[in-house]
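Spelled out, the chains give:
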Amino acid sequence: MAISRQRAKGRRGPSDRYAYLPREMLQSVAYTTLSHAARSYLCALAAECNGHNNGRIKFTREVAKAYGLNSAGTRTKCLRELRRRGFICYTAKIDGPNPHRHCDLIRLTWHPMYEYLDWNIPDMDATNDWANWSPDI
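Reference entry: report on the structure contained in this document.

Criteria and cut-off values
Residues numbered from 1 in each chain as written. Predicted model: local features only at pLDDT ≥ 70, side-chain atom pairs only at ≥ 80, totals over all residues. Heavy atoms only, no water. Helix = DSSP H or I, 4+ residues; strand = E, 2+ residues; numbered from the N terminus. Buried < 20%, exposed > 50% of the residue type's maximum accessible area, 1.4 Å probe, protein only. Contact = heavy atoms within 4.5 Å. Areas by Shrake-Rupley, 256 points an atom, 1.4 Å probe, with all protein chains shown as cover. Axes fitted to C-alpha atoms, helices over the stretch in contact; angles between N-to-C directions. Parallel < 35°, antiparallel > 145°, perpendicular 65-115°, else oblique. Nonpolar A, V, L, I, M, F, W, Y, C, P; charged D, E, K, R; others polar. Pairing = 2+ DSSP bridges. Expected span 1.5 Å × (residues − 1). Salt bridge = Lys/Arg side-chain N within 4 Å of Asp/Glu carboxyl O.

Quick notes on the overall build of the protein
Now for step 1: Across its full length, the protein holds six helices and three strands.
Now for step 2: N-terminal to C-terminal, the α/β element order of the protein is α-α-α-α-β-α-α-β-β.
Now for step 3: For the protein, buried positions account for 34% of its 137 residues.
Now for step 4: The long-range fraction of contacts in the protein, counting pairs at least 24 apart against all pairs at least 6 apart in sequence, stands at 53%.
Now for step 5: Of the roughly 9,200 Å² that the protein leaves accessible, carbon and sulfur atoms contribute 48%.

Structural notes on the packing of helix α4 (residues 36-48) against helix α6 (residues 72-84)
Now for step 1: One way to put it is that α4 packs onto α6 with a least axis distance of 9 Å and a crossing angle of 80 degrees. As the angle between them shows, α4 and α6 are arranged roughly perpendicular. Touching A37, A38, Y41, L42 and L45 of α4 are T74, R75, C78, L79, E81 and L82, all from α6.
Now for step 2: The residue makeup of the contact of α4 with α6, split by class, is eight nonpolar, one polar and two charged.

Let's talk about the sheet that holds strand β2 (residues 88-95)
Now for step 1: One open sheet holds the three strands; their spatial order is β1-β3-β2, and the pairing between them is antiparallel. The open sheet has two edge strands with one neighbour each: β1 (57-58) and β2.
Now for step 2: Pairing geometry for β2 and strand β3 (residues 102-108), over seven bridges, is antiparallel. If you follow C89 over to β3, its bridge partner there is R107.
Now for step 3: The strands touched by α4 within the sheet are β1, β2 and β3, with β3 carrying the most contacts at an inclination of about 85 degrees.
Now for step 4: Docked against the sheet, α6 engages β2 and β3, running at close to 130 degrees with respect to β2.

Topic: α4
Now for step 1: In this model, α4 (13 residues) spans 19 Å end to end at C-alpha, consistent with the 18 Å of a helix rising 1.5 Å per residue.
Now for step 2: Looking only at α4, the buried set comprises A38, Y41, L42, A44, L45, A46 and A47.

What about the side chain of H111?
Now for step 1: Along the chain, the position of H111 falls in the segment after β3.
Now for step 2: What H111 contacts, discounting residues up to four positions off in sequence, is Y20, C49, N54 and A126.

Things to note about the pattern of salt bridges
Now for step 1: Summed over the entire model, instances satisfying the criterion amount to two salt bridges.
Now for step 2: Its salt-bridge partner being R85, residue E81 comes within 3.8 Å of it at the nearest N-O pair. Residues E81 and R85 agree in their burial class; the two are buried.
Now for step 3: Across the pair K93 and D104 runs a salt bridge whose closest N-O atoms are separated by 3.3 Å.

No statement about biological role is implied by the geometric values presented.
And the structure:
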């Protein structure tokens, strides 16, 4: 198939994925005072968002290990820190193959979230909760 025909049909081949982080967020107090580990986790979470799965991002141990983030304890601390500062929210819990384990579904607050009828998750605009965070005095 010729290049022009591929372009006309919208068949451009595999597209690259990017982690979208707005400049205002990167210059905010909430981001500049994050720990370096939490920044790494935030970038990995942003890379997992493809624009259509916000609110359904599964950031399991296996996904974290693919980004070189191996420590389960650090993962827990960083996700807690990101949640407290308003960068992420948990939308639902789903059961895994082991009845004693579950997976949290994550929403990035700087992206809009589309409705997911399967899990009763409503449509939601970007809330940008990180913009309202201030350090404790």
